[in-house]
Amino acid sequence: MKFVKYILIAALVALVLIQFYRPEKNEGGYETVAYFEEEANVSPELAAVFKTNCYDCHSDQTVYPWYAEIAPASFFLEEHVEDGKKHFDVSSWESYSAKKKDHKLDELIEYVEEGEMPLDSYTWIHGDLSEENTKSILQWAQLQRLIYQKEMAGLFK
């Protein structure tokens, strides 16, 4: 019984100590997504959907919930944001070639169609995309892919 007591005390001390380490925040201003929205022809309605469902993990514009200040949730969120930006980062959109933009949109279509995005762990707390929003994102992404494919073919400059 003493052994269990020491384990619990050690776990409590560790939990308190990790509260003093804060992961770096991913908080840029609106300008980090403005280029993406303008260049990729994102309507104001679709921009609102992206802001609510995508930008937290896929841009430098993360809005942190209250529990982001509590470890280990803070570490969990940091890992999600890093992983999300690794796969699709609208704040880096300006640096992507037309080919890379086309590829990123192809992946977006695939993940949204298969229900892999947004992640379940995100939608449990923040809500899910409506069927209408999902349809709007897919239509927009498919149209944008056509534009980037024409650009790659040299039809736009």
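The rules behind these values
Residues numbered from 1 in each chain as written. Predicted model: local features only at pLDDT ≥ 70, side-chain atom pairs only at ≥ 80, totals over all residues. Heavy atoms only, no water. Phe/Tyr/Trp six-rings, centres within 6.5 Å; stacked < 30°, edge-to-face > 60°. Helix = DSSP H or I, 4+ residues; strand = E, 2+ residues; numbered from the N terminus. Buried < 20%, exposed > 50% of the residue type's maximum accessible area, 1.4 Å probe, protein only. 1 Å grid on protein atoms, 1.4 Å probe; cavity = no way out; pocket = protein on both sides within 12 Å on 5 of 7 lines; lining within 4 Å. Points joined across faces, edges and corners; volume = space filled by probe spheres on them. Nonpolar A, V, L, I, M, F, W, Y, C, P; charged D, E, K, R; others polar. Arc of directions from axis to C-beta. Contact = heavy atoms within 4.5 Å.

Asker: Looking at this structure, I do not really get the packing of aromatic side chains. What am I missing?
Answerer: Considering all chains together, one arrives at nine aromatic pairs under this definition. Between Phe 36 and Trp 140, the aromatic rings sit 5.9 Å apart at their centres with planes inclined by 75°, giving edge-to-face as the arrangement. With Phe 36 in helix 2 (residues 31–39) and Trp 140 in helix 8 (residues 131–152), this residue pair connects regions lying 104 residues apart in the sequence. On the basis of relative accessible area, Phe 36 is assigned to the buried category, the value being 1%. Members of the aromatic cluster, joined through ring pairs, are Phe 36, Phe 50, Tyr 55, Phe 88, Trp 93, Tyr 96, Trp 140 and Tyr 148.

Asker: Explain the layout of surface pockets here, please?
Answerer: The gaps of empty space that remain are located by a probe, the size of a water molecule, rolled over the atoms. Size it by volume and the largest pocket reaches roughly 460 Å³. Around the largest pocket, the lining comprises 23 residues; the ones closest to its centre are His 58, Phe 88, Tyr 111, Met 117 and Pro 118. Contributing elements (two or more residues each) for the lining of the largest pocket: helix 3 (44–53), helix 4 (55–58), helix 5 (73–87) and helix 6 (98–113). In terms of residue class, the lining of the largest pocket is built from 13 nonpolar, five polar and five charged. The computed volume of the second largest pocket comes to approximately 200 Å³. Around the second largest pocket sit 15 residues that line it, and Cys 57, Tyr 67, Leu 77, Tyr 122 and His 126 are the ones nearest its centre. When residues of the lining of the second largest pocket are traced back to their parent elements, those giving at least two are helix 4, helix 5 and helix 7 (120–126).

Asker: Where do I start with helix 3 in this structure?
Answerer: Helical periodicity: at 3.6 residues per turn, an α-helix aligns residues three or four positions apart in one direction. Inspection of helix 3 places Leu 46, Ala 47, Val 49, Phe 50 and Asn 53 among the buried residues, and these make up the whole buried set. Looking straight down helix 3, one finds that the buried residues subtend no more than 160° of arc, so they occupy a single side. Residues of helix 3 that are exposed and angled more than 90 degrees away from the buried face: Pro 44, Glu 45 and Lys 51. Buried residues along helix 3 sit against helix 2, helix 4, helix 7 and helix 8.

No statement about biological role is implied by the geometric values presented.
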